[in-house]
Amino acid sequence: MKLYFSKKNISIYLSSLLIASTSLFANDTEKEIKKLDTVTVVGSQASNYLSLDEPSINRTNIDIEDSAKSIQIFNENFIEDYQPQTLDDIIKMSSNTTYQGNNHGRSIEIGMRGFSNVPILIDSMKITNSTANQEIYNLQAIEVLKGPNSLQYGESSPGGLINLVKKKPQKQEHGEIQFKVDEHTAYTTNADFGGGINNDSSLRYRVVTSLKHGEDYTNSNTDINRLFIAPTIAYDINDNHSFSIMAEYLKEKSPSSFGTYITSKGKLIAPIENISSNPDEEFKKTQKIIGFDLNSNFDTWNSNFKYRYIDYIGINGDVHMPFSYNEDTDTVRRVYAYQKQEFSEHALQYTLNKELNIFNVKNNISLGADYNKAYSRTFMHFDPFTPYNLDLSNPDYEDLTSLSDHPTARDMTSEKTYNKSWGIFLQDSIHLSDNLIFNAGLRYSESKPKDGQKSDALTPSLGLVYKVTPSTSIYANYSESFTPNTNMDENDKILDPEEGKGYELGIKQKFLNDKLNLTAAIFKIEKENVPLVQGLAPNTYYKASGKQESQGIEFDLTGQITSDWAIVASYGYTKTKDLDNDNNRLKNIPTHTANIFTTYHLSSFNLPNTYIGGGARFLGSRYVTDSNDLKLDSEIIYNATLGYKKGNWKASLNVQNLTDEEYVEGSILSPRVYTGTPRTIMATISYKF
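Residues numbered from 1 in each chain as written. Predicted model: local features only at pLDDT ≥ 70, side-chain atom pairs only at ≥ 80, totals over all residues. Heavy atoms only, no water.

**Overview of the overall build of the chain**
Let me state the cut-off plainly: A helix here means a DSSP run of H or I that spans at least four residues, while a strand means a run of E at least two residues long, and both kinds are numbered starting from the N terminus. Using C-alpha atoms as the atom set, the radius of gyration is obtained and then compared with a globule rule of 2.2 Å times the number of residues to the power 0.38. Accessibility here uses a 1.4 Å probe with only protein chains present; expressed as a share of the type maximum, an area under 20% marks a residue as buried, one over 50% as exposed, and anything in between as partly exposed. The contact definition used throughout considers only heavy atoms, calling two residues in contact when any of these lie within 4.5 Å. Working definition of accessibility: Shrake-Rupley area with a 1.4 Å probe, residue cover restricted to the visible protein chains. All tallies of charge rest on Lys and Arg as positive and Asp and Glu as negative; His and the ends of each chain are not included. A charge is said to be at NZ when it belongs to Lys, at CZ for Arg, at CG for Asp and at CD for Glu.
The secondary structure content of the chain amounts to 4 helices and 34 strands. In terms of overall dimensions, the chain is globule-like: its C-alpha atoms have a radius of gyration of 25 Å, near the 26 Å expected for 689 residues. Along the three orthogonal principal directions, the C-alpha set of the chain runs to about 70 × 65 × 60 Å. The burial tally for the chain puts 53% of its 689 residues in the buried class. Long-range pairs, those at least 24 residues apart, make up 67% of the contacts in the chain between residues at least 6 apart in sequence. About 30,200 Å² of surface is accessible on the chain, with carbon and sulfur atoms providing 53% of the total. Here the chain contributes 68 positively and 86 negatively charged side chains, and the mean placements of these two sets differ by 2 Å.

If you want it as structure tokens, here you go:
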């Protein structure tokens, strides 16, 4: 009998499996989970992808089950087993979350619940300018918070927030050396060591380093060279106060990343290995971060004061940048450009959490304030009058030119400028009864560029959590977000900020003695004040009257099914509308997404040190234009892993994009698109001590 499984059938099966999980794993056994100090365990231990830590993304002491928000945490165990190539590989494991491109290698563009430009926080701090690629090996966890949420961090996408939690010093002595190689002959050496310095470990340190060298999968002539080092030292001043100083240094050279093109039928015009610019180009990045944390903890209150200074220089030097694609002649038109970006930023944040009783009612009050001053400058030269045409299917690259070869290039260098923003919020989590919690908060935010107009906003947040059983919570929330506009109206005044309003109803369910967590939600988000262009060029201006909306459903499952079987899975459905553009779907947003990754230790086969695993990611069809005239097909990407853990040693073999699919992740400027990486085989060996 012949069996046939189409991509659509597989996606429906995965989605049905996730939806049916509530009936497969029903168990209401109550178990108290206590948060323990982080320790390093050496031995043959099965992975657990369920995080026991309180999420730091909401700046409060509230547990996930007490929060009226959908929050997913991808912990260090999952990151270690999954072996992602890039940061977005982890982020898009969350439901209704997609990767849309890297903006020429400068940033990671994420869409969530139908909306783009999702901010990425660093240690729960907002960073105004996008920073260079963060080192995955230095991450303790990645947290994803869904829906509009400007309460704690100010300007944000209506889709949600992402928080990168960096590794912190531990009291226990620990160390790890890790070596990694992939089939594209890229070699990576990682090291992580630290522990107590004095007898009681009140003074402790941690140093994380990574060194990478090798080739990219493209036909670039530029090798990847990456150096990263992150030292941190922490000191317990006394039983109530601790102080830590951190630093990071990143220096990287890599090929340019301008993406490729698709035809009017959504098909790639050339193999993804072919570079659309020039194979001799180099993109150099240097990033420095320094900062400190001051934490105070008492019986009924705690506070946290943070400071970060970030300095970033990105030089996308002499490039032949792809400018347009002519499908009739199958030709990519490229032009000379030179760009250097300089960013620096001071970021301050203070949070106070206090537990108190008011009329015999428990209240968890949070008060927070933050301030950012971000400087930026761009050096830019651009010559649109000397094209370099290319048949990308059969490329014959010319010699790379320099600025001296383009005396008529436009000097588009900007003056150094800055943007100041600050905000303050108050939130109260009121325990109306043992089972009913009411969350309410309000924030005032203000943003002002140099020599520009001020934008400000009041953003409320309301939520209700009802604990049906110790293992089951139902929640509902209403929240808002805002994003300052940069476009001007006919009177040369800055438009009002874009506003997002979100409604959500969900359930958080624990299964199998609290080892497996499911979060399911339905949501609706409305975005207003979207700029709409008015008039005819060159006399155009904008009007803040556009409206967009999304609504959908999602499921996120994390934890252990058995002591040997761990899983992360999700399914998302999102329906979007651009109400001022014939109700067209918003670009880069698939209607369906589904993800699964699971590992199983072979203890029952008398192989307790060996584990196998794998997963799949379904990326539904989506449009890459606002007019919905260019559509991408759905894709399924498969991964597989084989690992061995014994004592201090761990070795693994990971295969990503198992079937070597050539596919598009998203587009920032259609029809130029960003593709997924081809099949990659990675071997990793590590030793912990």
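**A closer look at the side chain of histidine 431**
Selection rule: Pairs of N or O atoms within 3.5 Å make up the polar contacts considered here, provided that, within protein, one atom can donate a hydrogen while the other can accept it, and that residues adjacent in sequence are counted only when both atoms are side-chain atoms.
Along the chain, histidine 431 falls in strand β18 (residues 417–431). A distance of 3.3 Å separates the side chain of histidine 431 from the side chain of asparagine 364, its partner in a polar contact. When near neighbours in sequence (up to four residues on either side) are disregarded, histidine 431 contacts Val361, Lys362, Asn364, Leu436 and Ile437.

**Side note on the confidence of the model for the chain**
For clarity, the threshold we go by: A score between 0 and 100, pLDDT records how confident the predictor is in each residue.
Considering every residue of the chain, the mean pLDDT works out to 90; 93% of them sit at 70 or more. A low-confidence stretch, residues 1–44 (pLDDT under 50), is modelled with 64 contacts involving residues beyond four sequence positions or located in other chains.

**What about the environment of alanine 186?**
Along the chain, alanine 186 turns up in strand β8 (residues 186–196). Overall, the relative accessible area of 4% leaves alanine 186 in the buried class. Alanine 186 sits 496 residues away from methionine 682 along the chain, and the two C-alpha atoms are 9.4 Å apart.

**Quick look at the pattern of salt bridges**
Let me state the cut-off plainly: Put simply, a salt bridge is a Lys or Arg side-chain nitrogen that is within 4 Å of an Asp or Glu carboxyl oxygen.
In the structure shown here, the tally under the stated rule is 35 salt bridges. Where glutamate 665 meets lysine 92, a salt bridge forms, and the shortest distance between an N and an O atom there is 2.8 Å. Highlighted residues: glutamate 665 in strand β32 (residues 664–669) and lysine 92 in the loop between α4 (87–91) and β2 (97–101), separated in sequence by 573 residues. Grouping residues by exposure puts glutamate 665 and lysine 92 together as buried. Here lysine 253 ties to glutamate 282 by a salt bridge, and the two come within 3.9 Å at their closest N and O atoms. With lysine 253 in strand β11 (residues 241–254) and glutamate 282 in the loop between β12 (260–261) and β13 (283–297), the pair connects residues that are 29 residues apart, well separated along the chain. Take glutamate 282: its relative accessible area is 31%, and that puts it in the partly exposed class. A single salt-bridge network, built from bridges that share partners, covers Asp88, Asp89, Lys92, Arg617 and Glu665.

**Considerations on unusual backbone geometry**
The omega torsion across serine 670 and proline 671 is 5 degrees, close enough to zero to call that bond cis. Structurally, proline 671 can be placed in the loop between β32 and β33 (672–675). With a phi angle near 55 degrees, aspartate 451 is a residue other than glycine that sits in the positive phi range. For aspartate 451, a relative accessible area of 76% translates into the label exposed. If you check the backbone angles, asparagine 588 has positive phi at about 70 degrees while not being a glycine. Inspection of the secondary structure assignment puts asparagine 588 in the loop between β25 (565–578) and β26 (592–602). On the basis of relative accessibility, which here comes to 3%, the residue asparagine 588 falls in the buried class.

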